[in-house]
Amino acid sequence: MRPSRVNVCDLGFRWGSCGRMRIIYFIWRLLQLPVRLIDYVVVHELSHLLEDSHTREFWQILDRTMPDWYERKRRLESDWQPFCAFRIVG
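So, here's what we can say about the structure. Note that this is a predicted model, so its numbers are computed, not measured.

Analysis parameters
Residues numbered from 1 in each chain as written. Predicted model: local features only at pLDDT ≥ 70, side-chain atom pairs only at ≥ 80, totals over all residues. Heavy atoms only, no water. Helix = DSSP H or I, 4+ residues; strand = E, 2+ residues; numbered from the N terminus. Rg over C-alpha atoms; globule rule 2.2 N^0.38 Å. Areas by Shrake-Rupley, 256 points an atom, 1.4 Å probe, with all protein chains shown as cover. Lys, Arg positive; Asp, Glu negative; His and termini not counted. Charge placed at Lys NZ, Arg CZ, Asp CG, Glu CD. Salt bridge = Lys/Arg side-chain N within 4 Å of Asp/Glu carboxyl O. Buried < 20%, exposed > 50% of the residue type's maximum accessible area, 1.4 Å probe, protein only. Axes fitted to C-alpha atoms, helices over the stretch in contact; angles between N-to-C directions. Parallel < 35°, antiparallel > 145°, perpendicular 65-115°, else oblique. Left-handed = near helix turned anticlockwise from the far one by under 90°. Contact = heavy atoms within 4.5 Å. Nonpolar A, V, L, I, M, F, W, Y, C, P; charged D, E, K, R; others polar. Core = buried A, V, L, I, M, F, W, Y, C linked by side-chain atoms within 4.5 Å.

Some remarks on the overall build of the protein
Right, so step 1: In terms of regular secondary structure, the protein is built from 3 helices and 3 strands.
Right, so step 2: In the protein, the succession of α and β elements from N to C terminus is β-β-β-α-α-α.
Right, so step 3: Here the C-alpha atoms of the protein give a radius of gyration of 13 Å, agreeing with the 12 Å that 2.2 N^0.38 yields for 90 residues.
Right, so step 4: Dimensions of the protein, computed from the C-alpha atoms along their principal axes, are close to 40 × 30 × 20 Å.
Right, so step 5: Summing over all exposed atoms, the protein offers an accessible surface of approximately 6300 Å²; the carbon and sulfur share of this is 55%.
Right, so step 6: Of the charged side chains in the protein, 14 are positive and 11 negative, and the gap between their average positions amounts to 4 Å.

Written out as structure tokens, the structure reads:
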């Protein structure tokens, strides 16, 4: 299944989101991360095209697609800040 559209915008504190109309959104800060972490976020959101919620089936889809997803997720959660040089000042 394909997304109907992909948008890059400001999502606050979320890296990505998959909307009801199969529109996938990514935060612009994602572009500052290492490719391995970007890949995790992209595959995570694409998996939502097959399963909306974080159910057991969702994690199984992610596991089949990207067997090392958990390590990438953990790294994203703990090590993202040094990569994000540009911040919104408001």
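Brief notes about the pattern of salt bridges
Right, so step 1: Considering all chains together, one arrives at 6 salt bridges under this definition.
Right, so step 2: A salt bridge links Lys73 to Glu77; the shortest N-O distance between them is 2.6 Å. Taken together, the positions of Lys73 and Glu77, both in helix α3 (residues 69-79) and 4 residues apart, correspond to about one turn of that helix.
Right, so step 3: Since its relative accessible area comes to 22%, Lys73 is described here as partly exposed.

Some words on the packing of helix α1 (residues 35-47) against helix α2 (residues 56-65)
Right, so step 1: Direction vectors running N to C along α1 and α2 enclose 135°, while the axes themselves pass 10 Å from each other. On the basis of the axis angle, α1 is oblique to α2. The interaxial crossing formed by α1 with α2 has right-handed handedness. Note on element contacts: α2 touches α1 through Phe58, Trp59, Ile61, Leu62 and Thr65, opposite Tyr40, Val43, His44 and Ser47.
Right, so step 2: Its residues placed into classes, the contact of α1 with α2 shows 6 nonpolar, 3 polar and no charged.

Some remarks on the nonpolar core
Within soluble globular proteins, side chains that are nonpolar tend to cluster in buried spots.
Right, so step 1: Counting residues in hydrophobic clusters, the biggest one holds 19 residues, and the most contacted among them are Trp15, Leu30, Leu33, Tyr40, Val41, Leu62 and Leu76.
Right, so step 2: Looking at this core, the elements that each hand over two or more residues are β3 (23-27), α1, α2 and α3.
Right, so step 3: Looking at this core, the element that brings in the most residues is α1, giving 5 residues.
Right, so step 4: For Tyr40, the residues in contact, after removing those within four places along its chain, are Trp59, Leu62, Met66, Trp69, Arg72, Lys73 and Leu76.

Distances and angles like these do not, on their own, reveal function.
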